Amino acid sequence: MEKMHHFHTYHLHAIARAIFVGAGTPQHIADDVAEILIKAHLAGHDSHGVLRIPTYIRRIEEGTIKPSAEPEVVTETDNTIRFDGHGCFGHYVSRLAIRKAIMKAKKAVTCCVNIVNTGHIGRSGEYAEDAAASGCMSLITVGNGGKKIGPVVPFGGAEGVFGTNPIAIGVPTGDDSPFIVDYATSMIAEGKIQVARSKDIELPEGCILDKDGVPSVKPSDFYDGGALLPFGKHKGYALSMFTCLLGGLTGEFDVETGQMSGIYMQVIDVNAFTPVDEYQRGVRAFLDVVKTTPPAPGFDEVLVPGDYESRYRSQHLKDGIEIPDTINTQLQECASKLNISLGKEIVEAADHKRYQ
């Protein structure tokens with residue numbers, strides 16, 4: 001097992017912010033992106049945390065992320081919004097989008113959003129949690145498909161045509177453990193393969209194929225021309241296609257090549273249908289009844305969506321976050337290239353308060 005490095009949440013946030021600022025990101029954007037990365041760790045999803053930073057820095061250098069770009073609302077109605085990210089950080093525009101959608105849904109029952117011209121948005125469940133905390137239900141999808149577009153094969157296929165195409169769903173419960181579904185429509189997210197590679201461990205069986213189409217458990221085989229399988233066979237494959245079709249509402253499709261992609265968000269104000277406090281009590285009672293199901297052999301208990309994240313969040317806020325040595329080394333290399341310090345002196349008072 002690889003050596004691990006322990007960080008307090010506020011220090012890791014300051015590290016992420018310092019690297020982004022050093023690469024030309026305004027502090028208010030850097031703080032947003034850093035917080036969303038750290039909250040992924042807090043939720044137990046290291047695949048969407050600071051291991052992404054070296055890739056983001058490389059994309060800034062290549063010009064595919066414009067770190068100081070501000071997103072623009074290009075069209076808007078009472079319950080729809082279309083954002084042009086202008087190449088900005090996907091996390092930044094997605095947080096703006098979900099919060100504006102929540103405000104609109106409170107007035108018009110529901111709001112649908114598409115986002116164009118932006119990159120990776122981080123953990124989709126982050127935005128579903130925002131909506132749930134506001135008493136709203138939500139659906140967030142990121143779809144991308146077409147010939148040789150991504151690493152995920154269609155059911156029965158031998159060549160990748162999809163991205164990992166995640167779906168997130170949020171439902172308010174009135175407490176700190178909302179109902180959150182958030183998963184890639186591939187067997188695992190590509191970031192999980194990065195985590196396994198960084199820790200030098202094998203993947204579960206049935207997740208990837210090597211370049212010859214043979215099942216493998218080695219992360220290196222995926223990065224050597226391999227592919228990801230869809231979860232649930234034909235069922236996950238169909239859901240992956242659906243994310244592309246929702247994404248196509250952005251207008252991001254190409255009839256010549258058959259490519260379709262885009263980010264879609266929908267927020268529904270529960271209170272428009274039934275009093276939200278009563279609904280939340282009903283949801284919590286329903287989930288708690290499900291959890292009383294006797295566990296099957298090999299299981300200690302029955303969990304419901306959102307439990308995993310809530311437990312990890314409490315633990316990591318108390319104990320801090322561990323980063324594999326390979327990722328720590330990459331962060332140090334970023335700092336060296338940008339000529340910045342990652343020591344504890346970069347922590348600001350607001351960073352402590354953010355993670356209390």
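Just above sits the structure.
Everything numeric here is computed off the predicted structure, so don't read it as measured data.

Calculation criteria
Residues numbered from 1 in each chain as written. Predicted model: local features only at pLDDT ≥ 70, side-chain atom pairs only at ≥ 80, totals over all residues. Heavy atoms only, no water. Pairing = 2+ DSSP bridges. Helix = DSSP H or I, 4+ residues; strand = E, 2+ residues; numbered from the N terminus. 1 Å grid on protein atoms, 1.4 Å probe; cavity = no way out; pocket = protein on both sides within 12 Å on 5 of 7 lines; lining within 4 Å. Points joined across faces, edges and corners; volume = space filled by probe spheres on them. Nonpolar A, V, L, I, M, F, W, Y, C, P; charged D, E, K, R; others polar. Axes fitted to C-alpha atoms, helices over the stretch in contact; angles between N-to-C directions. Contact = heavy atoms within 4.5 Å. Disulfide = S-S within 2.5 Å. Phe/Tyr/Trp six-rings, centres within 6.5 Å; stacked < 30°, edge-to-face > 60°. Buried < 20%, exposed > 50% of the residue type's maximum accessible area, 1.4 Å probe, protein only. Lys NZ or Arg CZ within 6 Å of the ring centre and 35° of its normal. Parallel < 35°, antiparallel > 145°, perpendicular 65-115°, else oblique.

S.K.: Help me understand the sheet that holds strand β9 (residues 215-216) in this model?
M.R.: Whenever strands of a sheet pair, they do so through backbone hydrogen bonds, lying parallel or antiparallel. Read from one edge to the other, the open sheet built from three strands follows the order β9-β8-β10, with strand pairing classed as antiparallel. Each edge of the sheet is formed by a strand with only one pairing partner; in this case those strands are β9 and β10 (227-228).

S.K.: Would you take a moment to explain empty space enclosed by the protein for this structure?
M.R.: The method is simple in principle: a probe with the dimensions of a water molecule rolls over the atoms, and the space it marks as empty is what remains. If you walk through the whole model with that rule in mind, you get two cavities of 30 Å³ or more. Volume-wise, the largest cavity comes out at about 60 Å³. For the largest cavity, the full set of lining residues is His41, Asp46, Val50, Leu51, Val195, Ser198, Lys199, Glu322, Ile323, Pro324 and Ile327. In the lining of the largest cavity, the residues fall into six nonpolar, two polar and three charged. What lines the second largest cavity is simply Glu129, Asp176, Ser177, Pro178, Ile180, Gly306, Glu309, Ser310 and Arg313. Examining the composition of the lining of the second largest cavity, we find that three residues originate from one element, helix α10 (residues 307-319), more than from any other. Split into classes, the residues belonging to the lining of the second largest cavity amount to two nonpolar, three polar and four charged.

S.K.: Help me understand the packing of helix α3 (residues 53-62) against helix α11 (residues 325-338) in this model?
M.R.: The description of two packed helices rests on the angle between their axes and on the distance between the axes. One can describe the packing of α3 onto α11 by two numbers: an axis separation of 9 Å at closest approach and a directional angle of 35 degrees. Contact residues: α3 offers Ile53, Pro54, Ile57 and Glu61, while α11 offers Gln330, Leu331, Cys334 and Lys337. Looking at the contact of α3 with α11 residue by residue, the class counts come to five nonpolar, one polar and two charged.

S.K.: How do you make sense of the state of the cysteines when you look at a structure like this?
M.R.: Covalently bonding the sulfur atom of one cysteine to the sulfur atom of another cysteine gives a disulfide. The full count for this structure, using the stated rule, is zero disulfides. Its sulfur unpaired, Cys136 is 10 Å from the next cysteine sulfur, which belongs to Cys111. Not part of a disulfide, Cys244 finds its nearest cysteine sulfur in Cys112, a span of 18 Å.

S.K.: Help me understand the packing of aromatic side chains, please; the structure alone is not making it clear to me.
M.R.: Within this structure, the stated rule accounts for six aromatic pairs. Ring plane angle 65 degrees and centroid distance 5.3 Å describe the contact between Phe20 and Phe89, whose orientation is recorded as edge-to-face. Of the two residues, Phe20 sits in helix α1 (residues 9-22) while Phe89 sits in the loop between β3 (80-84) and α4 (90-108), which places them 69 residues apart along the sequence. The exposure class assigned to Phe20 is buried, which follows from its relative accessible area of 0%. Ring plane angle 80 degrees and centroid distance 5.0 Å describe the contact between Phe222 and Tyr223, whose orientation is recorded as edge-to-face. In this structure an aromatic cluster arises from ring pairing among Phe20, Tyr56 and Phe89. The lysine or arginine in question, Arg197, covers the ring of Tyr223, its NZ or CZ lying 4.0 Å from the ring centre.

S.K.: Even after reading the chapter, I still don't get the packing of helix α2 (residues 27-42) against α4, so can you show me in this structure?
M.R.: Interhelical geometry of α2 versus α4 gives an angle of 90 degrees and a closest axis separation of 9 Å. Relative to α4, α2 is oriented roughly perpendicular. Along the contact surface, α2 presents His28, Ile29, Asp32, Val33, Glu35, Ile36, Leu37 and Lys39, while α4 presents His91, Tyr92 and Arg95.

S.K.: Honestly, the environment of Ile340 in this entry has me stumped. Any pointers?
M.R.: Tracing the chain through its elements places Ile340 in the loop between α11 and α12 (349-354). Ile340 gets classed as partly exposed once you look at its relative accessible area, which sits at 27%. Between the alpha carbons of Ile340 and Asp78 there is a distance of 45 Å; along the sequence they are 262 residues apart. Excluding residues that lie within four positions of it along the chain, Ile340 makes contacts with Ala18, Ile19 and Ala335.

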